[in-house]
Amino acid sequence: MKFADKMLIGGELSGGSAGGKLTVEDPATGKIVAEVPSANEADVDSAVNAARACFEERTWTSRLPADRAAAMWRLSDAISADAEEFAKLEVIDNGMPLAFARATINGAINGLRYYAGLCTKLHGLTSDISGAGRELHAYTLMEPVGVVGAITPWNAPLATVINKIAPAIAAGCSVVVKPAEQTPLSALRLAQLLANSELPAGLVNVVTGVGGVAGAALANHPQVDKLTFTGSTDVGKSLVHASAGNLKRLTLELGGKSPVFVFDDADMSKAIPACLTAIFANSGQVCFAGSRLYIQRSRYEEVVERISAAAKTMKLGNGFEESTQLGPLVSAKQMQRVLEYVESGIAEGAELMCGGRQFGESGYFVEPTVFANSARRDIRITREEIFGPVLTAMPFDDIDELASLANDTTYGLGSGIFTSSVSTAHKAARRIRAGNVWINCYGMLDKSMPFGGYRQSGWGRESGLQGIEPFLETKSVYTML
Ligand code: NAD
């Protein structure tokens, strides 16, 4: 397969000014499959300048909203026409199963279409004001915030890139996006489509490179008005400092340690498969992975046994094999990190029910892993985000205990509740401090619904009507009549 290997800066495909390279691995084999540009500060500066010029010259915002909407929709059609190729790139780059990759590409296409629709629906309000003591005509305008720097992680590469680009350009901003260094291939393929699209030069720029160089250059750049970041909580905190120089607006979608509660009246034939998907989808490399499982005490042992038995039968393999349920972790580093967490769990007294080992002769596979009984709330595997296929199971008694367990974390991204009682479900939903609550399901997402986290899971929301707000400024206009 031939990979796109050029960045997009000011409408031109570019190998970068100094010729630096990143190597890209297939995590299912550990083999290097591509070399792509590694942007330096000068490349990021060129991309930001191109975005700034596009914004200041109003080459995008001077087009009618309906024309912008149509252009965005046609870009979504172009991605859709190549959807299978994009999905395969994600499998090669990230290791995810092909069916999961297809779902993420579909999500990206839907995201572009959702925000294409908002181009024609951005409006302010009018107000009859009293303060001036006489009649005035007062109204607000919604205006783009300016140049956006977007920095994304490796677990759903194209979908996260589009999650940033779509609301930004719908709002009228121009963008420089830096995808994760582990998974740049789909963003570079997107760069090719963008170069041939009717979007103006400089509206969307794509730079590939490492976080400490290209990411940091973007985060610190004085001509970037807003940063939108998805990634780890630690890097998110560093961006708070980086943004201080010119007081960039900042949206952060960060980590999680999401709890799932199974009440004793739950339909276990549905709850158990959903709990398995909650933690093992994308090999646990999901920010809202349901990594803490709480089971009401009377069913605790039975459910732990059933979950562990099912986990043992899950099929690990190359994402291109149709039977594969779990692909590899994204890198050797991530695999080592996960295996170290497993060791720490055993050392701190948790009971390993299944998994816990590297799998296969090559690539970065880790067996689906379940800890039980002694998976206490004060040990690392129950407190820290592992970002791998590791589940800790614990018993709970009632809703009061649910609230205390759910909220005993620095995070607040996802949560799940399985019960056949409507009342229990909604009482519990109100007690959990998290941005997303799934009842009798887990991980459903839709472009019309806001997504984001409480506490150290982030700042702000993506998706839905709320998802465009961080890309807009409000201007108040007063007219003496
Ligand atoms: P990461 O924070 O290491 O990297 C994310 C991005 O930040 C990459 O593009 C990286 O190059 C860049 N980066 C790294 N250091 C930087 C710096 N100093 N300045 C600027 N940019 C820098 O995260 P990751 O390991 O790629 O992804 C996993 C993390 O992402 C997990 O914690 C996960 O929970 C989180 N995540 C959150 C969401 C969400 O929506 N809340 C979604 C997916 C992943």
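Residues numbered from 1 in each chain as written. Predicted model: local features only at pLDDT ≥ 70, side-chain atom pairs only at ≥ 80, totals over all residues. Heavy atoms only, no water.

J.: Is there a simple way to think about the site of the ligand in this case?
T.: Surveying the vicinity of the ligand reveals 26 residues, the closest of which are Thr-152, Glu-181, Ser-232, Leu-254 and Glu-385. The separation between an oxygen atom of the ligand and a polar side-chain atom of Trp-154 is 3.0 Å. The side chain of Ser-232 places a nitrogen or oxygen atom 2.6 Å from an oxygen atom of the ligand. Burial of the ligand by the protein amounts to 85% of the accessible area it has alone, namely 840 Å². Those elements that provide at least two residues to the shell around the ligand are α7 (211-220), β10 (226-230) and α8 (233-243). Broken down by element, the residue count for the shell around the ligand peaks at three residues, all from α7. In terms of residue class, the shell around the ligand is built from 14 nonpolar, eight polar and four charged. Two domains each donate at least three residues to the shell around the ligand, and these are domain 1 (2-254 + 456-480) and domain 2 (259-446). (Near = heavy atom within 4 Å. Polar contact = N/O pair within 3.5 Å; in protein donor to acceptor, adjacent residues only side chain to side chain. Areas by Shrake-Rupley, 256 points an atom, 1.4 Å probe, with all protein chains shown as cover. Helix = DSSP H or I, 4+ residues; strand = E, 2+ residues; numbered from the N terminus. Nonpolar A, V, L, I, M, F, W, Y, C, P; charged D, E, K, R; others polar. Domains from an automatic or database assignment.)

J.: Help me understand the nonpolar core in this model?
T.: For soluble globular proteins, nonpolar side chains are generally found buried alongside one another. Ranked by internal contacts, the top residues of the largest apolar core, which has 49 residues, are Met-72, Ile-79, Ile-169 and Leu-190. Mapped onto this core, the elements with two or more residues apiece are α2 (65-81), α3 (83-94), α4 (98-118), β7 (147-151), α5 (157-171), β8 (174-178), α6 (185-195) and β9 (204-206). In this structure, Leu-190 is in contact with Ile-79, Phe-86, Leu-158, Val-161, Ile-162 and Ile-165, ignoring residues within four places of it in sequence. In this structure, Ile-272, Val-303, Cys-354 and Val-370 belong to the second largest nonpolar core, which totals 39 residues. (Core = buried A, V, L, I, M, F, W, Y, C linked by side-chain atoms within 4.5 Å. Buried < 20%, exposed > 50% of the residue type's maximum accessible area, 1.4 Å probe, protein only. Contact = heavy atoms within 4.5 Å.)

J.: Sorry, what's going on with α5 here?
T.: In an α-helix, one turn spans 3.6 residues; hence positions three or four apart end up facing the same way. Relative to the 21 Å expected for 15 residues at 1.5 Å per residue, α5 spans 22 Å between its end C-alpha atoms, a close match to the ideal helical length. Within α5, 14 of the 15 residues are buried, which leaves it mostly tucked inside the rest of the structure. Looking at the residues trailing α5, positive phi occurs at Gly-172, about 100°. (Expected span 1.5 Å × (residues − 1).)

J.: What's the story with unusual backbone geometry in this structure? I'm lost.
T.: A negative phi holds for most residues other than glycine; trans holds for most peptide bonds. Although it is not a glycine, Ser-283 sits at a positive phi angle of roughly 55°. Note that Ser-283 resides in the loop between α9 (268-280) and β13 (292-296). Here Ser-283 falls in the buried class, since its relative accessible area comes to 1%. Phi angles above zero are rare outside glycine, and Asn-440 is one such case at about 55°. When you line up the elements, Asn-440 lands in the loop between β20 (438-439) and β21 (458-459). Taking relative accessible area as the criterion, Asn-440 reaches 44% and is therefore assigned partly exposed.

J.: How should the pattern of salt bridges be read in this particular structure?
T.: Opposite charge on two side chains permits them to pair, given that their charged atoms come into close proximity. Overall, the coordinates contain 21 salt bridges when judged by the stated rule. Arg-383 is the salt-bridge partner of Asp-408, the closest N and O atoms lying 3.3 Å from each other. Of this pair, Asp-408 sits in the loop between α13 (399-406) and β19 (416-418) while Arg-383 sits in helix α12 (residues 380-383), and the two are 25 residues apart along the sequence. (Salt bridge = Lys/Arg side-chain N within 4 Å of Asp/Glu carboxyl O.)

These figures capture arrangement, not role.
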